[in-house]
Structure formats: C-alpha cells, structure tokens
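# An overview of the molecular structure
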Amino acid sequence: MTSHHIANEIHHVVREKKPFSLVDDLLMSRWFLYSMSVILFLGIWYYVVYIDVFGRGLCYPHEVITEIIRLTSRKLAGKELWEHAWDSSRRVFIGFGIACVLGIPLGFFMGISKYFNAVFNPIFNLIKPMPPISWVSLSILWLGIGEEPKIFIIAIGAFVPLVLNAYNGIRLIDEELYDVVRMAGGSHMKEIWEVSFPAAVPAIFAGLQIALSGAWSCVLAAELVSSRSGLGFVIVQGMNTGKAAMVIAGMLLIALIAYVCSFCISYLERKICPWRRDLSTH
Amino acid sequence: MHNIKIACENVSKTFLQKGDTRVDVLKDVSITVRDNEFVVILGPGQCGKTTLLRMIAGFEKPTTGRVLMDGQPVGGPGRDKGFVFQSYMLFAWRTVRGNVEVGLRMRGVPKAERRVISQQYIDMVGLTGFENHYPHQLSGGMKQRVGIARAYCNDPQIMLLDEPFGQLDAQTRLYMEKETERIWLQEKRTVIFVTNNIDEALTLGDRIYTMKDKLPGTLCNCYEVDLPRPRESTDKEFLRLRKQIIEESELVL
Ligand SMILES: Nc1ncnc2c1ncn2[C@@H]1O[C@H](COP(=O)(O)OP(=O)(O)OP(=O)(O)O)[C@@H](O)[C@H]1O
Ligand SMILES: [Mg+2]
C-alpha cells in the first residue's frame, strides 16, 4: 500500500488565476489596503488639526515624531526617554512574570482537580470581576509608593485572564481524548501529561496575549497615580505642561513596545505549537 | 478454535442526565463473539451503539448484567482492547507517528523499537510517507487510518470500531471497507464493528447483530453472513440477506 492510493482522499484546492483589471488587483492587495487605511487615518488627523477642533489639545502627526526625537536628546526627571521606557517595561515584565508563575498553575490545577477547583473557584470568582485599577488605592495603602504597588497592580491585571484561560483550556478538552490514554493502559498521571498539558497550550497562549495587553494598560494606571519614571510619567508630564505631542509620543511608544512583546509571544507560540493549523499554514 | 472471546450477558445501562433524569440507553443486550470473528452491530442513530461498545472496552460499567472477555469480567480499559473512535480522537499536537506511538510511549518502549513497530502499522494502513504530518493536514479517511494504526499498535486481543467511517463520503467509505477487510485478513483479531450502514455490515461481517431504534436500545436479530470474501454488493445472496434484514428490522434507509 503506497501513498498514491491515498491521493484520491486529498483534495487540493487550486485557485484559478483570473485576469484581473488594475482596480481589482489593487483592491485584492493587502498592502494596498493597509497603506490606504493608514493614509486615510493620517489625512483625517491632519484635517482635524488644520480646522483646529481641539486647539492645543492636538498636534500634527509629524510633530509627534519630532517630539520623540527631542525627548531622546534631553532628560526628564533625571532620566532619558529610553530609561523611562525601560522602567515601564521592567514593571510589566516583573508583574507579568509573577502573574504567570501563579496564575497558569492555579488555572491548570483548577481544571484538572475538582477539589482544588472547589477551594479556589469561589475566591477567584470574587476577584475576577474587580477592575485591576480598583486595586490602586489598596496597593498604595499596603505597599507605599515604590515599585511594589505598581508591580502588584500589573500582576493582578494579568493574573485573571491567565487563570481563566488555563482553566478553560483544560475544561474544554474532549473527555474522549483521555480515553485514548486509558485504552493504551496509561495512568491518570499519563492522561494529564499526554493530553491535559498539550491540549491546554493554545488556550494558555491566548491567555498570555490578553494578560500582556492587560499588564500594559495597568502599568499606565499605576504610573499615572504616583511615579517619577516610566512612560506613564512622561504622559502625565505632557498633560501637565499642555504638550499634546508629548502625550501622544508616550502613547505611541507604549503601543510599539506592547506590539513587540505580543509579537514575541506569537513567535513563541508558533515555535511551540507547529501543529496549529491557523498558525502554521496560510 | 471457536472459543467465545467476548460475551455480554443481559447488559443494561442507565445514564443519569443533568443530575436526576434517568435515561435507559440499553436494555437486556446479550451478544457473543467468537475468537477471530468479525461481528458487526448494525443499528440506527442514537440507539446506544457507542454505549455498548464503550462498555465492552471497559470505559463504562454496565448498570446490570456482565461483560466477559475470555470468561473473566472486563475490569477497565486496557491495551488488550483496541478502540477506534467515531470522531477519530487524534492528538492534534502529535504527528501521525506520534499518534500511532501513543501506547508504546506509555509502556516505555525505547525510541528505536517504537519506530520499528509504529512504522509497521503505518505501512499496514497505507500512510507511508505521511509519518510527519499533523492531523489537520490529513483527510478524514487518513485520520481514521491513524486511529486504526494506533489501536493496532497496542497489539490488542480485540478491536472495537465505533462507526469508524461514519464521517466519510460514500466512495472513500467503500475504499476504507476494503482496506479494513484486507487488514483484518492480514492481522486476524476478534473485531466488533459498529455501523448504521447495512452495506457496510454485509461487506464486512461474519455475523451481524441488528439493534432496534428508540431508547432503550435492544437487540433485534442475528444473521450469519456465509459469503466468500471479498464480497460483491451485487451478489444474489448478498441482496437477499440485505432485503431480509431491512424487512425484519424496519431499518429506515
Ligand atoms: N455519558 C453519558 N451520559 C448521559 N447520557 C449518555 C451518555 N452517553 C450516551 N448517553 C445517551 O445515550 C444515548 C445513546 O447514545 P449512543 O452514543 O450510545 O448512541 P449511538 O447509537 O452511538 O448514536 P450515534 O449513531 O449517533 O453514534 C443518547 O441519547 C445519549 O444522550
Ligand atoms: Mg455512536
């Protein structure tokens, strides 16, 4: 029995190449549509500033770039721009890391053990709906105004989606997959190792992505309240001095760093899960 | 030679659904399967076929009655009972080879030996060249071949196949039936094959048990199919039996 017997079971989809007109070709091109959307956005932005809708509240897009260049060449509260960016990033990484170490195992064990679930689920359900930012005041009361309260808030913000996704990742596994292990004479431990772990990985990665963006929005909240460093501090400085360009520069940098982080997680996921159809093939 | 391999004695199963609704799924089912026999259980949808097979596999316990294998009550699932699942149940995160080797890994067979054994069964089901494909890269028929190779890899005494080709198109299905027969002739095992397709039942079975529709599922009749293999669906005796089964079991086709 060789592979050509199976060939009739594989259906190749061959897309026919039709002769497109120029307009069709342009509309089919992803890059064309991307650039159109960016140009449109910038155009509206220029126009809104031109007709002076927000007054000093908004600057031209190119002024944001010049502002970033200007900020890189001078210090703010004794720190350079990249140091502020690093301060924020460091807080996110530490808080996010703590949340991962605590949250993923918690969700995982809640998924595989009903006793564990019975103990932790009520507490978790209480914490789950609380907005992370509502912890700001409490964390300052507990931990003062140093690094700890900021990291605490970030950890809380990242914690909830991590637990939730790990937990659901386990819960939504088809029970019959465990029967495959049982059929092969495997123990309960083997079921967890062979099925629970790998089957939950995609859900855990989804949790990482959500948690990361959660962490970045929390670092802002934490730095807006009390901080002498970080991109949140840069934004507050811009606000206090009435410089829209500085505020937007801060926002832009956060978006950039958060995007790079998210890209790294996607990359890691592709490496770890080469079996995901939506990831490995197009 | 004609030892009784599997015996279900007055097996009934009642499920508790959503707390306290009791659903009688099977009632008083008794079947016997001889050594190396190919028995087909033919029944319409939702009559408890999967439940019966899962009890023989040891995944579920009968509410009343007994399931015996070699005269001993079936304790639980194990590698002596191979199961091929209705909806494939492949590990998406493993390649074809990784899926086929699952039982060997569980037993701690060293890698080199694992390779040899799994390759033998991958070749047997005709997946040579697809060892490193992931399930999402396979067609339905190929997925079920993996399911079959995976079950054979545990070297089971009995093979339980639960509507293995139910999700395939008619042409592929016919082809897979021929393949199943070929594999069975090559690697004789006691086989219990569940299906809702009468032609599939007549093509494959040494004996056919029919089940009534409506819950609780009960057995209807048992037919000996004494036709030479490979069978032709245009054969006179084949057609006569087909007609008889349809009339006697009110199968809706
Ligand atoms: N674990 C379970 N708990 C509760 N009810 C169940 C369970 N397993 C099966 N049932 C019920 O038993 C009935 C028969 O199910 P079963 O899967 O055995 O039928 P089937 O003949 O295999 O159907 P199909 O042809 O669709 O595969 C169904 O109505 C189902 O709801
Ligand atoms: Mg079924």
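Each chain carries its own residue numbering, running from 1 in the direction its sequence is written. Written order decides the labels, with chains lettered from A and ligands numbered from 1. Side-chain atom pairs in this predicted model are given and counted only at pLDDT of 80 or more, local residue features only at pLDDT of at least 70, and totals for whole chains, interfaces and linings cover all residues. The basis for every side-chain value is the complete set of non-hydrogen atoms in the structure, without hydrogens or water.

### A word on the pairing of strand β3 (residues 38-42) of chain B
All names here are of chain B. Of all five residues making up β3, five are buried, and the element is well covered by its neighbours. Pairing between two strands requires that DSSP report at least two bridges joining them. Helix and strand assignments come from DSSP, with helices taken as H or I runs of at least 4 residues and strands as E runs of at least 2, each series counted from the N terminus. The pairing of β3 with strand β9 (residues 207-211) spans four bridges and is classified as parallel. For Val-39, the partnering residue across the bridge sits in β9 and is Arg-207. Exposure is judged per residue with a 1.4 Å probe applied to protein chains only, and the accessible area is read against the type maximum: over 50% gives exposed, under 20% gives buried, and values in between give partly exposed.

### Re the domain arrangement of chain A
Residue and element names in this part refer to chain A. Domains are outlined according to an automatic or database domain assignment. Entries for chain A in the domain assignment read domain 1 (1-53) and domain 2 (57-272). A separation of 32 Å is found between the C-alpha centroids of domain 1 and domain 2. Should any heavy atoms of two residues lie within 4.5 Å, those residues are considered in contact. Opposite the six residues of domain 1 that make contact, domain 2 presents seven residues. Two parts lose some accessible area (1.4 Å probe) when they are put together, and adding that loss for both gives the buried area. Here domain 1 meets domain 2 over a buried area of about 590 Å², counting both sides, of which 79% is carbon and sulfur. Its largest share of buried area at the contact with domain 2, domain 1 owes to Trp-45, Tyr-46 and Val-49, together 85% of the area lost on that side. The salt bridge criterion pairs a side-chain nitrogen of Lys or Arg with a carboxyl oxygen of Asp or Glu, the two atoms within 4 Å. There are zero salt bridges connecting domain 1 and domain 2. Think of it as three bins: nonpolar holds Ala, Val, Leu, Ile, Met, Phe, Trp, Tyr, Cys and Pro, charged holds Asp, Glu, Lys and Arg, and polar takes everything else, Gly as well. Here the side of domain 1 that touches domain 2 is composed, by residue class, of six nonpolar, no polar and no charged.

### Details of helix α6 (residues 170-186) of chain B
All names here are of chain B. Expected span of a helix, by definition, is 1.5 Å for each gap between consecutive residues, and there is one gap fewer than residues. Over its 17 residues, α6 runs 24 Å from end to end, which matches the ideal 24 Å to within 8%, given 1.5 Å per residue. Of all the residues in α6, the buried ones are Thr-172, Arg-173, Tyr-175, Met-176, Glu-177, Glu-179, Thr-180, Glu-181, Ile-183 and Trp-184. Summarising the contacts, the buried residues of α6 are in contact with β3, α4 (111-124), α5 (140-153), β8 (190-195) and α7 (198-204).

### What about the interface of chain A and chain B?
Of the residues lining the interface, 27 residues belong to chain A; the matching set on chain B comes to 40 residues. Taken over both partners, the interface formed by chain A and chain B buries close to 3000 Å², and the fraction arising from carbon and sulfur atoms is 64%. Summed over the shared surface of chain A and chain B, the result is four salt bridges. As a salt-bridge pair, Arg-105 of chain B and Glu-194 of chain A come within 3.0 Å of each other at their nearest N and O atoms.

### Quick notes on the sheet that holds strand β1 (residues 4-17) of chain B
Residues and elements named next belong to chain B. If you trace the four strands from one edge of the open sheet to the other, you get β2-β1-β4-β5, paired in antiparallel fashion. The outermost strands of the open sheet, each flanked by one partner alone, are β2 (21-34) and β5 (72-73). Sheet analysis places strand β4 (residues 64-69) next to β5, joined by two bridges and oriented antiparallel. Of the residues in β5, the one forming a bridge with Met-69 is Gln-72.

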